[in-house]
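Chain by chain, the residues run as shown.
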Amino acid sequence: MTSQHKISQETFDETLLENEDLFEMSPEEAITETISQFSQQGITNIETYILTSHPNSIQGKKEREVHKVFESHLNSLDELIQSDGKVDIAKAIGGSESGSNSIEKVMDGLDGVLKFCNGTFEDEDTNTNMDTNMEEAMTAVGLNTKAEEEEKNDTDGDVGADVGGDTKEATPAASAPTKYEKAMPFLTLFHSSQSLFTLMSLLSIVDIDTDTNVNANASSDTPS
């Protein structure tokens, strides 16, 4: 039977780092041990809604930055829902002075969630100068990854092979993720959060202009 208990990303990261330090584990060992510990406590399937990459790795830091952007969109919409599940119309629409800003915020939130959940989001904004800053930060604390060192060694080996006249077969480049692959983590996170109910609440107040739709359909049926 699947447990309904869930943990936060912060709880997972803190536990992972504690295990790594306390038991002198490698990053990979700490990740495996942390997942196992929570599983023994009845907290299963955390990979479906938690980032299990190491929080101090370059990949882990990038993933968490992107997830923060997605969660900020969800939070901006969740703030519109009252304790009884109804939409706070005053907050969503705002007064005469802040009305346009409030509506714009709602539309930005909906647009952001849509782009993440259909895999069309672009992470340039979240990663602006991130690669450079990340490398500097990781170098400063001595956390350059093993993968970077291996990449350097492979490059040196290729140069040596060229000088010796031997050719080395190039490793095929990894294919770019599909929209489905990009969207799946965010769809899972969205499905496991209260934001799913937020969307339902927002849809309940959408005013569909029936007359407009009827006229549009009639126009489309009229031969030109």
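Residues numbered from 1 in each chain as written. Predicted model: local features only at pLDDT ≥ 70, side-chain atom pairs only at ≥ 80, totals over all residues. Heavy atoms only, no water.

Visitor: What is the right way to read the side chain of glutamine 9 from this model?
Guide: By the element assignment, glutamine 9 lies in helix α1 (residues 9-22). Residue contacts for glutamine 9: discarding those within four places in its chain leaves Ile50, Leu51 and Arg64. (Helix = DSSP H or I, 4+ residues; strand = E, 2+ residues; numbered from the N terminus. Contact = heavy atoms within 4.5 Å.)

Visitor: Just checking my understanding: could you explain the side chain of threonine 34 for this structure?
Guide: Along the chain, the position of threonine 34 falls in helix α2 (residues 27-40). For threonine 34, the residues in contact, after removing those within four places along its chain, are Phe12, Thr15, Leu16 and Asn19.

Visitor: Any chance you could explain the packing of aromatic side chains here in plain terms?
Guide: The relative placement of two aromatic rings is captured by the distance of their centres and the angle of their planes. Within the structure shown, the criterion is met by six aromatic pairs. Ring geometry for phenylalanine 116 versus phenylalanine 121: centroids 4.5 Å apart, planes at 15 degrees, classification stacked. Side by side, phenylalanine 116 and phenylalanine 121 carry an identical accessibility label, which is buried. A centroid spacing of 5.3 Å and a plane angle of 75 degrees characterise the contact between phenylalanine 121 and phenylalanine 186, whose relative ring orientation is edge-to-face. With phenylalanine 121 in the loop between α5 (99-117) and α6 (130-140) and phenylalanine 186 in helix α8 (residues 179-191), this pair connects stretches of sequence that are 65 residues apart. Assigned by exposure class, phenylalanine 121 and phenylalanine 186 land together as buried. Taken together, the ring pairs connect Phe70, Phe116, Phe121 and Phe186 into an aromatic cluster. Lysine 6 extends its terminal NZ or CZ atom over the ring of tyrosine 49, reaching a point 4.4 Å from the ring centre. Of note, lysine 182 hangs over the ring of phenylalanine 121, and the distance from its end group to the ring centre comes to 4.6 Å. (Phe/Tyr/Trp six-rings, centres within 6.5 Å; stacked < 30°, edge-to-face > 60°. Buried < 20%, exposed > 50% of the residue type's maximum accessible area, 1.4 Å probe, protein only. Lys NZ or Arg CZ within 6 Å of the ring centre and 35° of its normal.)

Visitor: Help me out: how do you make sense of the packing of α1 against α2 in this one?
Guide: Think of two packed helices as two axes; the pair is described by the angle between the axes and how far apart they sit. It is the contact of α1 with α2, at a shortest axis distance of 9 Å, that shows an interaxial angle of 125 degrees. In terms of orientation, α1 lies oblique with respect to α2. Note on packing geometry: the crossing formed by α1 with α2 is right-handed. Residues Thr11, Phe12, Thr15, Leu16, Asn19 and Glu20 of α1 form the contact with α2, whose own contacting residues are Pro27, Ala30, Ile31, Glu33, Thr34, Ile35, Gln37 and Phe38. Within the contact of α1 with α2, the residues separate by chemical class into seven nonpolar, five polar and two charged. (Axes fitted to C-alpha atoms, helices over the stretch in contact; angles between N-to-C directions. Parallel < 35°, antiparallel > 145°, perpendicular 65-115°, else oblique. Left-handed = near helix turned anticlockwise from the far one by under 90°. Nonpolar A, V, L, I, M, F, W, Y, C, P; charged D, E, K, R; others polar.)

Visitor: How do you make sense of the confidence of the model for the protein when you look at a structure like this?
Guide: The predicted coordinates of low-pLDDT regions are not to be read in fine detail. On average, the protein scores 75 in pLDDT, and the residues at 70 or more come to 63%. Per-residue pLDDT, averaged within each element of the protein, yields its smallest value for α6 (41) and its largest for α1 (96). Low pLDDT, under 50, characterises residues 124-148; the stretch is placed with 17 contacts to residues that sit more than four places away or in other chains. (pLDDT = per-residue confidence, 0-100.)

Visitor: How should I be thinking about α1 in this particular structure?
Guide: Because each turn of an α-helix spans 3.6 residues, side chains separated by three or four positions in sequence point in the same direction. With 14 residues, α1 extends 20 Å between its outermost C-alpha atoms, agreeing within 8% with the 20 Å of an ideal straight helix rising 1.5 Å per residue. Listing the buried residues of α1 in full gives Gln9, Phe12, Asp13, Thr15, Leu16, Asn19 and Glu20. Angularly, the buried residues of α1 cover 165 degrees about the axis, an arc narrow enough to put them on a single face. In this structure, α1 carries Glu10, Glu14, Glu18, Asp21 and Leu22 as exposed residues pointing more than 90 degrees from its buried face. Those residues of α1 that are buried are in contact with α2 and α3 (58-78). (Expected span 1.5 Å × (residues − 1). Arc of directions from axis to C-beta.)

Visitor: Explanation requested: the nonpolar core in the structure shown.
Guide: Nonpolar side chains in soluble globular proteins generally cluster together in the buried interior. Core analysis: the largest hydrophobic core is formed by 16 residues, its most contacted members being Phe70, Val113, Phe116, Phe186 and Phe190. Within the residue set of this core, elements represented by two or more residues are α3, α5 and α8. Filtering out sequence-adjacent residues up to four positions away, valine 113 remains in contact with Phe70, His73, Leu74, Leu77 and Phe190. By size, the runner-up hydrophobic cluster in this structure holds 10 residues, among which are Ile7, Ala30, Ile31 and Ile43. (Core = buried A, V, L, I, M, F, W, Y, C linked by side-chain atoms within 4.5 Å.)

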